[in-house]
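One-letter residues, chain by chain:
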Amino acid sequence: MAGVLVLLAFATAAAAAPLTTRPPLILHSLSLDVLGGGKVTRDPDVPDYPAGNPVQLTAVPDSGWIFAGWSGGATGTTNPLRVTMDADRVIGATFTAVVWTITASAGSGGRISPGGLVPVSYGADQTFTITPLSGYHVVAVRVDGIAVGPVTSYTFLHVTADHTITAGFAVTTHTMTVKVVGVGSVTRSPNLAAYAEGSIVSLKATPGVGWLFDRWSGDTSGTANPVAVTMSVDRTVTASFRTDWTITASAGSGGTISPNGPVVVAPGGTQAFVITPDPGYQVADVEVDGASAGAVTGYTFTGVSTDHTIAARFSGTDYALTVGVVGHGRVTRDPELARYPEGSTVTLTAFPDPGSTFAAWGGDAAGNPNPLTVTMDAAKSVSAGFDVTDILASTAATFPSYAGGLPPAWGDDDNDGDPDLPLVRNDGHGVFSEMPGFRTLLANGNYHGGAWCDFDRDGNLDLALQPYGSGTRARLLKNQGDGTFVDMAPTLGMDIAGYGATAVWGDFDGDGWVDLFTPYYSYTKPNRSYLWHNNGNGTFTDVGVESGVELSNLPAGLNPEGACAGDFDDDGDLDLYCAGHLLRNDGTGHFADVRAAMGLPLVSDGAARWVDYDDDGDLDLSLRTAAGPQLFRNDGNQFNVGGQLGGRGQRRGPGPLPVAVQPAGAALPEPGERDIRPGPDVRPRRQLGADGLGGRRRRRGHGPARGGGGPTPAAEHAGEPAGVRGQLAQGHGAGFGG
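Residues numbered from 1 in each chain as written. Predicted model: local features only at pLDDT ≥ 70, side-chain atom pairs only at ≥ 80, totals over all residues. Heavy atoms only, no water.

## Quick word on the layout of surface pockets
- In this structure, the second largest pocket occupies an estimated 190 Å³ of space.
- Looking at the lining of the second largest pocket, its residues break down into 3 nonpolar, 4 polar and 2 charged. (1 Å grid on protein atoms, 1.4 Å probe; cavity = no way out; pocket = protein on both sides within 12 Å on 5 of 7 lines; lining within 4 Å. Points joined across faces, edges and corners; volume = space filled by probe spheres on them. Nonpolar A, V, L, I, M, F, W, Y, C, P; charged D, E, K, R; others polar.)

Next up, the structure:
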């Protein structure tokens, strides 16, 4: 209540009685403002104070704070403060946080961090790191003058006062201990009791009279004299001395050397050796210290000043045996020698390669006994002839079978130069074997489309498999490089179940990493297609919806078997054709359907392929339709009917088009040649770039990339379920094998 005037009126019962008036009572208010951590008490503590009355104010700081002073209706730092209430007052009390100082210092030879005057808030922790310079070590750390040892780190906990910390350092030194075996001495330079770390000491061995320096051992080795030793630790080195040298003599079979074995020779002495061949043998060579001295029968060492070796070799009458091979196979011989003594025998065994059989011997041998024994009574030349086995019979015997549907996608998964198939490894020469563990990954599922690609650039082809049925899920089989695969699809969220079709690899956004387009029937689950963006770290992200290629809610007649990628508009990025949609890439991986604008009719197709059939430099579109194969010529700004391939009644079921660019793995046609020719696979000319990635490389078409190198022809297009299946299996995920 500010300046309240209280009037007390008193009246007597008698109307004529006189009135008595007292002075008014004036009250004043007191408001307190607190800044910081603390509070203010007042005495007395009442709402308002009569004018002229005193009030005592006491500032009480919180823990870690100090009272800084009064403001407003009072000044100074007096505490408690007596205030006379002669007016309404507003008084402020300011508190400041306590900040302590830790003084950190380091002697020469190292540093402490942080250093100098380090402010620390009340109750906080502060850590210091002590680091010696190279060649130094921490010798002592003192905290507030008290030694805490040669630590390299120290932490002040809950600081409530000022502190000091100092670090001392000393040069790191090491000792050198020298020992002597025999008679001699060792001098060292410099000759010190201790050596600074990293310094170099030179040791020189001096033999006594009649003695020789032999070698160093311990913390150095060898015979170099003098020798330099780096002092990184305490070291012990031994110098060994001896009185003589040793010549080690040896002889092979067919003769002797005399004297033989270790021969002791005095320093500066002479030693002769005699080499004697046995009857029927001759000296072939004498090696002195590993170097040929010729076919001598005697050798003398003079002025011997080191150890030596001498070795004699002998030879008798011998002959060479030359073995050749005609066809595919190899021949072993027992024993395996460069030359054979007269009258000795050699056993030759012929081993045909897979797909071949041994036929007969030729040259200085005849017939077909296997093994063959050859008597070496002269120099001889023998050849082994091998015939080719019936490849089809061999293949039938080794080709694994699979009960479900599995597309025959060719790809050299083991980098041996032979194209392999899912589940089936090509061992060469018509022999196949089952890939270890691959059948387990397939889980007895049915698969509609497959495509190989080295999506992670590790130099090994990986495999994408599309499911065909609600009980089968998509697979992304990463090649481990050791002949085995691991399915990455469940971990990456790519294990989609449903009716999938042709898988297409291609760098659709031009970032240098190959992406994966996986179309599905839109009128059954999952009711859409996917575009998996390769994140470049072994993972993928579905961008199908935002890229405009999800292809959902399509009528049942527009199936996605004919998916294929190619730069039909020649703008340097990959476009897509799928399920009657001509999807133009805007260069960032976003697509728009331009089929109608390009004059391409809406047809239901079972296979599609980009081909430059008229050799005009742009990609034309070949479709397999219910009316038979059809060809649409790319005239730049629109597609026109370019012809019909084969005609009605010539469909070959759900398999590939009855025409092909060339067999997978064959060379591309030369300029001027037509691209369409009979064959088991389709590879559009100029459809592929040099790196197999597409994007900004002016490339055409799609295909796998091997670690950033060129595409693998055998893996590019084989195995797409309704496009190119070759002649190995039929159409939509047919089974194969016996």
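## Some points on the pairing of strand S25 (residues 255–258)
- A one-sided burial pattern is seen for S25, the buried positions being Gly255 and Ile257 and the unburied ones Thr256 and Ser258.
- As defined by bridge partners, S25 adjoins strand S27 (residues 271–277) across 4 bridges and the pair is classed as antiparallel. Bridge pairing in S27 places serine 258 opposite valine 274. (Buried < 20%, exposed > 50% of the residue type's maximum accessible area, 1.4 Å probe, protein only. Helix = DSSP H or I, 4+ residues; strand = E, 2+ residues; numbered from the N terminus. Pairing = 2+ DSSP bridges.)

## Let's talk about the confidence of the model for the protein
- Residues with a pLDDT of 70 or more make up 83% of the protein, whose mean pLDDT is 83.
- With pLDDT under 50 throughout, residues 644–738 is counted as low confidence; its partners more than four residues away or in other chains account for 312 contacts. (pLDDT = per-residue confidence, 0-100. Contact = heavy atoms within 4.5 Å.)

## A word on empty space enclosed by the protein
- Counted according to the given criterion, the structure contains 2 cavities of 30 Å³ or more.
- When its volume is computed, the largest cavity comes out at roughly 80 Å³.
- Considering the residues around the largest cavity, the lining is formed by 14 residues, among which Gln466, Ala474, Met494, Leu516 and Thr518 are closest to the centre.
- Residue assignment for the lining of the largest cavity shows that the elements contributing at least two residues are strand S43 (462–473), strand S44 (475–479) and strand S48 (515–518).
- Counting residues per element, the lining of the largest cavity draws most heavily on S43, at 3 residues.

## Quick notes on the pairing of strand S9 (residues 110–113)
- Only one face of S9 is buried, namely the one carrying Gly110 and Ile112, since none of Arg111 and Ser113 on the opposite face is buried.
- The pairing of S9 with strand S11 (residues 126–132) spans 4 bridges and is antiparallel. Looking across to S11, one finds that isoleucine 112 is bridged to isoleucine 130.

## Looking at the side chain of aspartate 420
- In this fold, aspartate 420 is placed in the loop between helix H1 (391–398) and strand S40 (424–428).
- Of the side chains with opposite charge, arginine 425 comes closest to the buried, unpaired aspartate 420, at an N-O distance of 4.9 Å.
- Reaching out from aspartate 420, the side chain makes a polar contact with the backbone nitrogen of asparagine 426 at a distance of 2.7 Å.
- Filtering out sequence-adjacent residues up to four positions away, aspartate 420 remains in contact with Ala409, Trp410, Gly411, Asp412, Asp413, Asp414, Arg425, Asn426, Met435 and Trp452. (Lys, Arg positive; Asp, Glu negative; His and termini not counted. Salt bridge = Lys/Arg side-chain N within 4 Å of Asp/Glu carboxyl O. Polar contact = N/O pair within 3.5 Å; in protein donor to acceptor, adjacent residues only side chain to side chain.)

## A short note on a nonpolar patch on the surface
- A contiguous nonpolar patch, built from Leu133, Tyr136 and Val171 and spanning about 230 Å² of accessible area, is present on the exposed surface.
- With respect to the element layout, tyrosine 136 can be found in strand S12 (residues 136–143).
- Residue tyrosine 136 is classed as partly exposed on the basis of its relative accessible area of 32%. (Patch = residues over 30% accessible without salt bridge, like charges linked within 9 Å, V, L, I, M, F, W, Y side chains within 5 Å. Areas by Shrake-Rupley, 256 points an atom, 1.4 Å probe, with all protein chains shown as cover.)

## Some details on the pattern of salt bridges
- Summed over the entire model, instances satisfying the criterion amount to 18 salt bridges.
- Among the salt bridges present, the one from arginine 215 reaches aspartate 214, with a minimum N-O distance of 2.5 Å.
- We classify arginine 215 as partly exposed; its relative accessible area is 41%.
- Between aspartate 542 and arginine 528 there is a salt bridge, with the nearest N and O atoms lying 3.0 Å from each other. You can see aspartate 542 sitting in strand S50 (residues 540–542) and its partner arginine 528 sitting in the loop between S48 and strand S49 (530–534), a full 14 residues away along the chain.
- The class of aspartate 542 is partly exposed, set by a relative accessible area of 23%.
- By relative accessible area, which is 16% here, arginine 528 ends up buried.
- Members of the salt-bridge network, linked through shared partners, are Asp214, Arg215, Arg242 and Asp307.

## Here's the deal with the environment of alanine 379
- Tracing the chain through its elements places alanine 379 in the loop between strand S38 (372–375) and strand S39 (380–388).
- On a C-alpha basis, the gap between alanine 379 and leucine 321 in space is 6.0 Å, while along the polypeptide they are 58 residues apart.
- Once you skip the residues sitting within four places of it in the chain, alanine 379 turns out to touch Tyr319, Ala320 and Asp364.

## Side note on the packing of aromatic side chains
- Overall, the coordinates contain 26 aromatic pairs when judged by the stated rule.
- One aromatic cluster is present, formed by Tyr468, Tyr499, Tyr521 and Tyr523 through successive ring pairs.
- The ring centre of phenylalanine 351 lies 4.6 Å from the NZ or CZ of arginine 330, which sits over that ring.
- Taking the ring centre of tryptophan 513 as reference, the NZ or CZ of arginine 457 above it sits at 3.9 Å. (Phe/Tyr/Trp six-rings, centres within 6.5 Å; stacked < 30°, edge-to-face > 60°. Lys NZ or Arg CZ within 6 Å of the ring centre and 35° of its normal.)

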